[in-house]
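Below, each chain spelled out in residue letters.
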Amino acid sequence: MDLMMILLLALSFIIGGALYNLATAIGEPSIMQIANTYLFFLPVAFGLMLVYMQVYDDKSLEVASPVEYLIVMLVTFLFPFLSMLFQIFAVGKLSFALYVHRVREDITLAVADGGGIVSDIADALGLTPNVLLTIMFNIIIGSAETAVFQGFMPAILRSAFNRYFEEGEALSMGLACFLSSIMFATLHLVYQGWGGFLYAFVSGMMVSLSTQLISLEMGSAFPWSAPCLGHSLYNIAVILLST
């Protein structure tokens, strides 16, 4: 098992708790809602990781080489951009653009009401407060969503389906990724509409399939945290560039 995955989930718990405390202090319900949602998904991700370790007998802690880590992270960073192009072709626009701007407004509000704490930390890191909060939000979002829906859930489902589809590894993987991507897309349907559902399903399928294929090749050395960071970097890029 990827040691960095365990550390990333632990860091995400800490960041999620800090965001929740910030939202409570300034009385901002939208930030509290996001923090609550992903503080729920993070234990789910940790539980699925434990199930995965048991199913695949992957209990040794390993760290991938920097080159392998970077390749996996770049693949999962770039694939969602391809799904954006597909959505533009299919529906003529990016349906999640308004959601992106709403998040930016929430971040601006948090900075305005949060006082000097956020600004002081941002200054110490050489960042603006908006950039700091964007990074904090998307570390936990990328970690939770990717670990659950593109990582451990399809891997566990794939193992289960292999029992019913003899000599059908490709069918098991495709069905596992399809089901997990439908659940991932349904999460986005709630706040992004059907266009967001389409975008999330296509990007989820691409990331899920690539993650499962590479993990089969690499085995226990696969860096499960790399797709999570790729997802986080993608979200951060979209939010900061969509102005």
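Predicted, not measured: the structure shown is a model, and the values here were computed from it. (Residues numbered from 1 in each chain as written. Predicted model: local features only at pLDDT ≥ 70, side-chain atom pairs only at ≥ 80, totals over all residues. Heavy atoms only, no water.)

### Details of the nonpolar core
It is characteristic of soluble globular proteins that their nonpolar side chains tend to be buried jointly.
Then, in step 1: By size, the foremost hydrophobic cluster in this structure holds 58 residues, and its most contacted members are Met5, Leu19, Tyr38, Tyr52, Phe152 and Trp224.
Then, in step 2: Of all the elements in the fold, those that place two or more residues in this core are α1 (3–26), α2 (29–55), α3 (66–91), α5 (116–125), α6 (129–162), α7 (169–218) and α8 (225–241).
Then, in step 3: Examining the composition of this core, we find that 15 residues originate from one element, α6, more than from any other. (Core = buried A, V, L, I, M, F, W, Y, C linked by side-chain atoms within 4.5 Å. Buried < 20%, exposed > 50% of the residue type's maximum accessible area, 1.4 Å probe, protein only. Helix = DSSP H or I, 4+ residues; strand = E, 2+ residues; numbered from the N terminus.)

### Considering α6
Then, in step 1: For α6, with 34 residues, the first-to-last C-alpha span of 48 Å sits near the 50 Å given by 1.5 Å per residue.
Then, in step 2: A bend of about 45° at Ala147 is the largest found in α6.
Then, in step 3: With 28 of 34 residues buried, α6 lies mostly within the body of the structure. (Expected span 1.5 Å × (residues − 1). Bend = angle between axes of the 7 residues up to and from the residue.)

### A short note on the environment of Leu39
Then, in step 1: Within the fold, Leu39 resides in helix α2.
Then, in step 2: Leu39 sits in the partly exposed class, given a relative accessible area of 23%.
Then, in step 3: Considered as a pair, Leu39 and Gly16 are 23 residues apart in the sequence and their alpha carbons are 6.1 Å apart.
Then, in step 4: Leaving out residues up to four positions away in the same chain, Leu39 has contacts with Phe13, Gly16, Gly17 and Tyr20. (Contact = heavy atoms within 4.5 Å.)

### Structural notes on the packing of aromatic side chains
Then, in step 1: In this structure the tally under the stated criterion is 10 aromatic pairs.
Then, in step 2: Between the aromatic rings of Phe152 and Trp224, the centroid separation amounts to 5.1 Å while the plane-to-plane angle is 40°, which identifies the pairing as tilted. With Phe152 in helix α6 and Trp224 in the loop between α7 and α8, this pair connects stretches of sequence that are 72 residues apart. No difference in accessibility class separates Phe152 from Trp224, as the two residues are buried.
Then, in step 3: Judged by centre distance (4.7 Å) and plane angle (80°), the rings of Phe222 and Trp224 are edge-to-face.
Then, in step 4: On the accessibility criterion, Trp224 (4% relative accessible area) is buried.
Then, in step 5: Every member of this aromatic cluster is reached through a ring pair, and the members are Tyr38, Phe40, Phe41, Phe149 and Phe184. (Phe/Tyr/Trp six-rings, centres within 6.5 Å; stacked < 30°, edge-to-face > 60°.)

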